[in-house]
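# Understanding the architecture of this molecule
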Amino acid sequence: MKLSLSRRAPQSVLAVAFAGGRLVAAHVARSKNAVAVLRTVSTPLSLDLLHPEPELVGREIRGHLDAAQIKERACVVVLPPDWAMTQHTAVPELSAEDTASLLQIEAEKAFPSGPDELHIARSDQRAGEVRFATQLAVRREQVARLTEVLRGAGLKPVSCTLGLPALADAVPSAGPGRVTLWVEGEGATLLVAAGGGVVTLRSIEAVIDSEAGERVVNTAALLRELRITLEQVP
């Protein structure tokens, strides 16, 4: 999923990611033959991104960026993985117009908000002779609030995206399917890709236990959630 907010691609950009209550940012610049990482920061946030006073959250983010001596304003934003909702549908051989109507009906049935309240991206796949489509949705209200926060931090959002599907080779165009699992903060994010597209993207909570003051993976809980997710994949 990529939500474009500006048409011009800058030569230098700040990549900003939010997950598990943390801010992770990297200032990168491109030249003719390479992309260089200039400065980075990774730190917990004391305020929730959806705090009713976005200027306070923006001020906190600005403080962390200033401490890391990051001055770049144009930014690409990785949305929190737990904001993403997915819906998976088998698609018969239909015209493009009828397919769009079918997917709109499926979105209305599956998501808690109407399509007009969501940013929705579509990923197509094939399993044998059957076509599938995955719809990935994020609430417009959340993206708008995050945009306010970023502007309060003195940043200019260029685009928004979901993290795991944007990784190189996470969604192979052909060959066997692939499962990508990212454990961070208080939970994990699971991406299942097959048939040339995203099958499901899921945020899994409560997979981190504290034992003797250390963070460890609750393997039993994680495996249970993985099994439930994979059992739902065609």
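How each quantity is defined
Residues numbered from 1 in each chain as written. Predicted model: local features only at pLDDT ≥ 70, side-chain atom pairs only at ≥ 80, totals over all residues. Heavy atoms only, no water. Pairing = 2+ DSSP bridges. Helix = DSSP H or I, 4+ residues; strand = E, 2+ residues; numbered from the N terminus. Axes fitted to C-alpha atoms, helices over the stretch in contact; angles between N-to-C directions. Contact = heavy atoms within 4.5 Å. Salt bridge = Lys/Arg side-chain N within 4 Å of Asp/Glu carboxyl O. Buried < 20%, exposed > 50% of the residue type's maximum accessible area, 1.4 Å probe, protein only. Patch = residues over 30% accessible without salt bridge, like charges linked within 9 Å, V, L, I, M, F, W, Y side chains within 5 Å. Areas by Shrake-Rupley, 256 points an atom, 1.4 Å probe, with all protein chains shown as cover. Lys, Arg positive; Asp, Glu negative; His and termini not counted. Charge placed at Lys NZ, Arg CZ, Asp CG, Glu CD.

For the rest of this paragraph, the subject is the sheet that holds strand β7 (residues 118–127). Strand order in the open sheet formed by 3 strands is β6-β8-β7, and the pairing between neighbours is antiparallel. In the strand order of this sheet, the two ends are held by β6 (85–91) and β7, each with one partner. Strand-to-strand twist of the sheet, defined as the mean angle between neighbouring strand axes without regard to direction, takes the value 20 degrees. Pairing geometry for β6 and strand β8 (residues 130–139), over 7 bridges, is antiparallel. Considered in β8, the bridge of H88 is made with T134. Against the sheet, helix α3 (residues 140–152) touches β7 and β8, its axis set at about 45 degrees to β8.

Before going further, it helps to spend a moment on the sheet that holds strand β12 (residues 197–205). Across the sheet, 3 strands lie side by side as β10-β11-β12; this open sheet has antiparallel pairing. Strands at the two margins of the open sheet, each flanked by one partner only, are β10 (178–184) and β12. Ignoring strand direction, the axes of neighbouring strands in this sheet form an average angle of 15 degrees. Set on the sheet, helix α4 (residues 219–231) makes contact with β10, β11 (187–194) and β12; between it and β12 the angle comes to about 150 degrees.

This brings us to the pattern of salt bridges. The full count for this structure, using the stated rule, is 7 salt bridges. A salt bridge links E106 to K109; its shortest N-O distance comes to 3.3 Å. Highlighted residues: E106 and K109, both in helix α2 (residues 96–110), separated by 3 residues, approximately one helical turn. With relative accessibility at 18%, the residue E106 sits in the buried group. For K109, a relative accessible area of 61% gives the class exposed. A salt bridge links D124 to R122, with the nearest nitrogen and oxygen atoms 2.8 Å apart.

What follows concerns the pairing of strand β5 (residues 74–78). Pairing of strand β2 (residues 12–19) with β5 involves 4 bridges; the strand directions are parallel. Bridging from a neighbouring strand, A15 pairs with V76 of β5. Looking at chain direction, β5 and strand β9 (residues 156–161) are connected through 5 bridges and run parallel. Looking across to β9, one finds that C75 is bridged to P157.

Here we come to the side chain of T99. Along the polypeptide, T99 turns up in helix α2. For T99, a relative accessible area of 3% gives the class buried. The residues touching T99, leaving out its near neighbours within four places in the chain, are V91, L94, R122 and R131.

Before going further, it helps to examine a negative patch on the surface. On the surface, a cluster of negative charge is contributed by E108, D116, E117 and E141. For D116, the location among the structural elements is in the loop between α2 and β7. When its relative accessible area of 65% is taken as the criterion, D116 is described as exposed.

With that settled, the discussion passes to unusual backbone geometry. Positive phi values are uncommon outside glycine, yet Q69 reaches one of about 60 degrees. Within the secondary structure, Q69 is located in the loop between α1 (54–67) and β5. Of note, the phi angle at D169 is positive, near 70 degrees, even though the residue is not glycine. Summarising the element assignment, D169 is placed in the loop between β9 and β10.

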